[in-house]
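Fold and geometry: a report
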Amino acid sequence: MEGAGYSNLDGGSRWLEKEQARSRKSRMVVIGSIAGVAALIVAGIVIGVLVSKHHSSSSTSSSSSSKSSSSSGSSGKADPSTGFFAVVNQKDPNDPSTFEPDSALSNAFYGVAYTPFGSQIPDCGSNLPAVIEDIQLISQITTRLRLYGADCNQSSLVLDAIQRTKVNMSVWLGNYVLPGDDAGYTRQRDEITTALKAFGTTNVAGITVGNEFMLNYLNANGGNGDPNSAVGNQGAAILNSKIADTRSNLKSLGYDNIPVGTADAGAYFNNEVLAAVDYGMANVHPWFANVSIDTASSWTTTFFQQTDIAAAQAQSNNPQMYIAETGWPTFSNDVGNESNGPSNASVPNLQTFVNDFVCSSNTGGINYFFFEVFDEPWKNATFGGVEGYWGIFNFNKTLKALTLPTCSHS
């Protein structure tokens, strides 16, 4: 059975199958990280840590990482111990707020999805200098970002970096909740609490409890893709208990003004969950719907409006809805995944999607988080295919061969 909202849109059932597979991959990564048994994840994290420390200017063999802007990655000061270049210049090396803007970048994106390198347990490798550099770059393309989880101190690192760089940036903190992993939820809740106590709430726009929780729950419990089935409502009750606990914790801290929401695959919002949140974030990927790049932008907007906004408007609380993820991959490390059927994974196609989607969404009032800031080598090492190649920037933090739009956003 197709998920609600798919039957009236082209590519629905195909996207359902791919999103389910993608969610299973994501869930296995987190579980494997927690258990410490996923060797490839460990290897990928090591790569990410090395990259974040050294900013290697070497690129992968793909077209997505073979080109960068002329001003990114070539004008910083070399680290004498490594010979590698930083991708951001600071006038005062002791003051991160004195970084110099890159003329190839423009603040055109409503928001972006971001995961600091090395932020998967057990091998946490995130560090403040690397996250500061990330925020210096991100602040030049948007004023909003969303995180997925709170492990490895990433909430504190991001808020600290925002305040040190003195940029205009709001962040939606995340608690990556897995069905049956109460300890993981509590651990991340406490990490978020620590961050809020240390850095306050000025830069916090929301706390997102769960990422594709309902999709994972339905897949694991035979829910047949229906988030409002009896099985779906069982999962909703579990997720809502975490949402309620988050609200209670914030209230005890005096931070009950912070919005609380959830993120899920676009067709997997349960009505009981929507009734319990201030906002919902929907993953809407034209690539996984086997949609042509020529219609990818319009498909994304139509699906979001007909499925997610409509579901929210049917609730008495009418939660604010965002597109949590949308974008286009730029490379596949195997031939079998280099096309979604009508279109290939490529930098030119990412350019087309950026051209068609970003400015029209800004003017049309579509609130979105573009997926994603950087290519992620650990995903490539673990999953293959296109999974590691969704970034606006290459993994070494240089801009891909893109011309960013210059339109404004609210």
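The preceding data block contains the structure.
Description of the structure in this document. (Residues numbered from 1 in each chain as written. Predicted model: local features only at pLDDT ≥ 70, side-chain atom pairs only at ≥ 80, totals over all residues. Heavy atoms only, no water.)

Moving on, we come to the packing of aromatic side chains. Any pair of aromatic rings gets described here by the distance separating the centres and the angle formed by the planes. Throughout the structure, instances matching the rule amount to 20 aromatic pairs. Relative to Tyr368, the ring of Tyr110 lies with its centre 5.9 Å away and its plane at 45°, an arrangement referred to as tilted. In this pair, Tyr110 sits in the loop between helix 2 (39-54) and strand 1 (112-113) while Tyr368 sits in strand 8 (residues 368-370), placing the two residues 258 residues apart along the sequence. Clustering of aromatic rings is evident, with ring pairs tying together Phe109, Tyr110, Trp172, Tyr279, Tyr322, Phe353, Phe357, Tyr368, Phe369 and Phe370. Its guanidinium or amino end placed over the ring of Tyr110, Arg144 lies 3.8 Å from that ring's centre, counting from NZ or CZ. The residue whose ring lies beneath Lys397 is Phe374, and the NZ or CZ to ring-centre distance is 6.0 Å. (Phe/Tyr/Trp six-rings, centres within 6.5 Å; stacked < 30°, edge-to-face > 60°. Helix = DSSP H or I, 4+ residues; strand = E, 2+ residues; numbered from the N terminus. Lys NZ or Arg CZ within 6 Å of the ring centre and 35° of its normal.)

Right, let's talk about the packing of helix 5 (residues 182-199) against helix 7 (residues 230-253) for a bit. In the contact formed by helix 5 and helix 7, the axes pass within 11 Å of each other and the chain directions differ by 25°. Between helix 5 and helix 7, the angle is such that the two are roughly parallel. The chirality of how helix 5 crosses helix 7 is right-handed. Touching Asp182, Tyr185, Arg189, Thr193, Leu196 and Lys197 of helix 5 are Lys242, Asp245, Thr246, Asn249, Leu250 and Leu253, all from helix 7. (Axes fitted to C-alpha atoms, helices over the stretch in contact; angles between N-to-C directions. Parallel < 35°, antiparallel > 145°, perpendicular 65-115°, else oblique. Left-handed = near helix turned anticlockwise from the far one by under 90°. Contact = heavy atoms within 4.5 Å.)

Turning our eyes to something else, we now look at helix 3 (residues 128-138). By the criterion of burial, helix 3 is predominantly enclosed, with ten of the eleven residues buried. Turning to helix 3, its buried residues number three or more, namely Leu128, Ala130, Val131, Ile132, Glu133, Asp134, Ile135, Gln136, Leu137 and Ile138. Structurally, the start of helix 3 carries an N-cap: the backbone nitrogen of Ala130 is 3.0 Å from a side-chain oxygen of Asn127. (Buried < 20%, exposed > 50% of the residue type's maximum accessible area, 1.4 Å probe, protein only. Polar contact = N/O pair within 3.5 Å; in protein donor to acceptor, adjacent residues only side chain to side chain.)

Our next topic: the nonpolar core. Counting residues in each nonpolar core, the largest one holds 104 residues, and the members touching the most others are Phe109, Leu145, Phe370 and Ile392. Look past the residues within four positions of Leu145 in its chain and what remains in contact with it is Val112, Tyr114, Ile135, Ile138, Val158, Met169, Ser170, Val171, Trp172 and Phe369. (Core = buried A, V, L, I, M, F, W, Y, C linked by side-chain atoms within 4.5 Å.)

In this section: helix 5. Between its first and last C-alpha atoms helix 5 spans 26 Å; for 18 residues at 1.5 Å apiece the expected length is 26 Å, and the two agree. Among all positions in helix 5, only Gly184, Tyr185, Gln188, Arg189, Ile192, Thr193, Ala195, Leu196 and Phe199 are buried. Turning to helix 5, the residues buried within the fold contact helix 4 (154-165), strand 3 (170-175), strand 4 (204-211) and helix 7. With its phi angle positive at about 75°, Gly200 sits one or two positions after the end of helix 5. (Expected span 1.5 Å × (residues − 1).)

As a further point, take the side chain of Asn349. Following the sequence through the fold, Asn349 ends up in helix 10 (residues 347-364). Discounting chain neighbours no more than four positions away, the residues touching Asn349 are Ile293, Trp328, Ser343 and Asn344.

This brings us to the pairing of strand 7 (residues 320-326). Every regular strand shows the same layout, with side chains that alternate between the two sheet faces. Most of strand 7 sits inside the fold, with six of its seven residues counted as buried. For the segment spanning strand 6 (residues 279-283), helix 9 (residues 296-313) and strand 7, crossover handedness is right-handed. Viewed along the sheet, the connection from strand 7 through helix 10 into strand 8 turns out right-handed. (Right-handed = clockwise from strand over helix to strand, strands pointing away.)

In terms of burial, strand 3 is largely enclosed, as five of its six residues are buried. A crossover connection joins strand 2 (residues 144-146) to the parallel strand 3 through helix 4; in handedness this β-α-β unit is right-handed. Traced from strand 3 through helix 5 to strand 4, the parallel crossover comes out right-handed.

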